[in-house]
Amino acid sequence: MKEDSRVILNARTQAWLTRIAALGRPEYDDFATERERRLVESAQLSDGFVGALPGGITVREHRVGDGLLVREVRGQAADGPLPAYLLLHGGAFWHGSATESVNMVIAANRALQAGVAVFLADYRLAPEFPCPAAIDDTIEVLRWLQQEAGTLDLDPSRLLLGGISAGANIATAAAARVTGEGLIAGLILEVPAVDLRPDGSWDERFAAINGLDSTEDMTRLYAGGLPADHPDISPVLVDVTAF
């Protein structure tokens, strides 16, 4: 029996993609300019699909290391020390931001619903900063959260790391790097793009959703010369269960 390789999308996802098509995506050769355009597009989409930023939250900005922006979101009524959740945004490794509207709404809702302090890291993006820059940034923020837990009113024994799509790839690779250090208590991976091999699970069917022609394009931008079967590029190949 032939395997059915179609991607089945629910009505809400189809509406999201229809709205993106209506907004239009022009050809580009300048990644920085296209990132800015996509942030505007994201704000337009956010209003119609994820809603406004909820009330009852406190937002703070931190600078880590050489100036890496980390945005903190927590409920105003939450009593600390709180669990910490470092959430890495998606964006095919080359776009997206910690300050993006949709990411802020996601962080705020999770902070309120789960009673955690959510931290969004503005990790460096490809192709200007290929792998392992984003992984290094993630580990730097994790260690900062552990070191500053008292000042930030956090419980260092309940530090979670997670990501969405490309962010889940980066989170998994970072977790593999710090396995055995006891740095994180768990991983939360959403639609994880953790297998970028040509015959892997994240194949040509999904490339267009990320604004690229193929998975090979995404890997080429991010890999920095590393092969697709390197554990930093396809972290599905490593065991991260020991933390």
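To be clear, the structure that these remarks concern was listed above.
Throughout what follows, the structure given in this document is the object of discussion. The shown structure was predicted, so the numbers you read here are calculated from the model rather than taken from an experiment. (Residues numbered from 1 in each chain as written. Predicted model: local features only at pLDDT ≥ 70, side-chain atom pairs only at ≥ 80, totals over all residues. Heavy atoms only, no water.)

**Quick notes on the pairing of strand β2 (residues 68-75)**
Each regular strand shows side chains that alternate between the opposite faces of the sheet. A large share of β2 lies buried, amounting to eight of its eight residues. The alternating pattern of β2 places Leu-68, Val-70, Glu-72 and Arg-74 on one face and Leu-69, Arg-71, Val-73 and Gly-75 on the opposite face, and all of these are buried. Between strand β1 (residues 57-64) and the antiparallel strand that follows it, β2, lie three residues; Gly-65 among them carries a positive phi value of about 60°. Here four bridges tie β2 to strand β4 (residues 117-121), and the two strands are oriented antiparallel to one another. Looking at β4, one finds that Glu-72 is bridged to Phe-119. (Buried < 20%, exposed > 50% of the residue type's maximum accessible area, 1.4 Å probe, protein only. Helix = DSSP H or I, 4+ residues; strand = E, 2+ residues; numbered from the N terminus. Pairing = 2+ DSSP bridges.)

**A look at the environment of Leu-221**
Structurally, the position occupied by Leu-221 is in helix α8 (residues 215-223). For the pair Leu-221 and Ala-92, spaced 129 residues apart in the sequence, the C-alpha separation amounts to 9.3 Å.

**Brief notes about helix α3 (residues 101-114)**
One full turn of an α-helix is made of 3.6 residues, so residues set three or four places apart face in the same direction. Taking 1.5 Å per residue, 14 residues should reach 20 Å; α3 reaches 20 Å between its end C-alpha atoms and fits that length. Those residues of α3 that fall on the buried side of the exposure criterion are Val-102, Asn-103, Met-104, Val-105, Ala-107, Ala-108 and Ala-111. Once α3 ends, the next one or two residues include Gly-115, with phi positive near 65°. (Expected span 1.5 Å × (residues − 1).)

**Observations regarding the pattern of salt bridges**
Summed over all chains, the structure comprises ten salt bridges. For Asp-155, the salt bridge is made with Arg-158, and the minimal N-O distance between the two is 2.8 Å. Residue Arg-158 is classed as partly exposed on the basis of its relative accessible area of 38%. Between Asp-232 and Arg-177 there is a salt bridge, with the nearest N and O atoms lying 2.9 Å from each other. Residue Asp-232 is located in the segment after α8, and its partner Arg-177 is located in helix α6 (residues 166-177); the two are separated by 55 residues in the primary sequence. Linked by salt bridges that have partners in common, Arg-60, Glu-72 and Arg-74 make up one network. (Salt bridge = Lys/Arg side-chain N within 4 Å of Asp/Glu carboxyl O.)

Such coordinate-based values are descriptive only and should not be taken to indicate function.
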